[in-house]
Amino acid sequence: MNKYEMIYILDTACTDEKRDSLIEKIENVVIKAGGTVEKVEKWGVKKLAYPIDYKTEGYYVYMAFEGDSELVQEMKRVIGIAENVIRRLITKR
């Protein structure tokens, strides 16, 4: 199993409950695929480097996890169809 890091940015317009459920949903994708979540850090609202869809702020979340390359493809698919995710970046550690 490989180690990965992911940073994703959520829309600040979504409620706290919706944000927490989305973070939990993304963690569950890793667990259901046989991976392990090492760490999740909620960095909070930060200013974006450039406007994305006329938004200037986003809620940043960092997640470190272990899994295989198929898990990364599934993560990209799930995050791609998630409504409130503005951007994501997955890198191999």
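Here the structure is a predicted model, which means the values were calculated and not measured. (Residues numbered from 1 in each chain as written. Predicted model: local features only at pLDDT ≥ 70, side-chain atom pairs only at ≥ 80, totals over all residues. Heavy atoms only, no water.)

**Quick look at the packing of aromatic side chains**
Taken as a whole, this structure holds 2 aromatic pairs when the rule is applied. Plain terms: the ring middles of Y4 and F65 are 5.6 Å apart, the flat faces sit at 25° to each other, and that makes the pair stacked. Of the two residues, Y4 is situated in strand β1 (residues 2–11) and F65 in strand β3 (residues 55–67); the sequence distance between them amounts to 61 residues. With respect to class, Y4 is no different from F65; both count as buried. Seen in terms of ring centroids, W43 and Y62 are 5.7 Å apart; in terms of plane orientation they differ by 5°. Their pairing is stacked. Of this pair, W43 sits in strand β2 (residues 36–52) while Y62 sits in strand β3; the two residues are 19 residues apart in sequence, bridging distant segments of the chain. A relative accessible area of 36% places W43 in the partly exposed class. (Phe/Tyr/Trp six-rings, centres within 6.5 Å; stacked < 30°, edge-to-face > 60°. Helix = DSSP H or I, 4+ residues; strand = E, 2+ residues; numbered from the N terminus. Buried < 20%, exposed > 50% of the residue type's maximum accessible area, 1.4 Å probe, protein only.)

**Let's talk about the pattern of salt bridges**
Per the stated rule, a full pass over the model turns up 6 salt bridges. Here K55 ties to D11 by a salt bridge, and the two come within 4.0 Å at their closest N and O atoms. Here K55 is found in strand β3, whereas its partner D11 is found in strand β1, with 44 residues between them in sequence. Between D16 and R19 there is a salt bridge; the shortest N-O distance is 3.0 Å. With D16 and R19 both in helix α1 (residues 16–32) and 3 residues apart, the pair spans about one turn of that helix. A residue is classified by how much of its surface remains accessible, and R19, at 11% relative accessible area, is buried. (Salt bridge = Lys/Arg side-chain N within 4 Å of Asp/Glu carboxyl O.)

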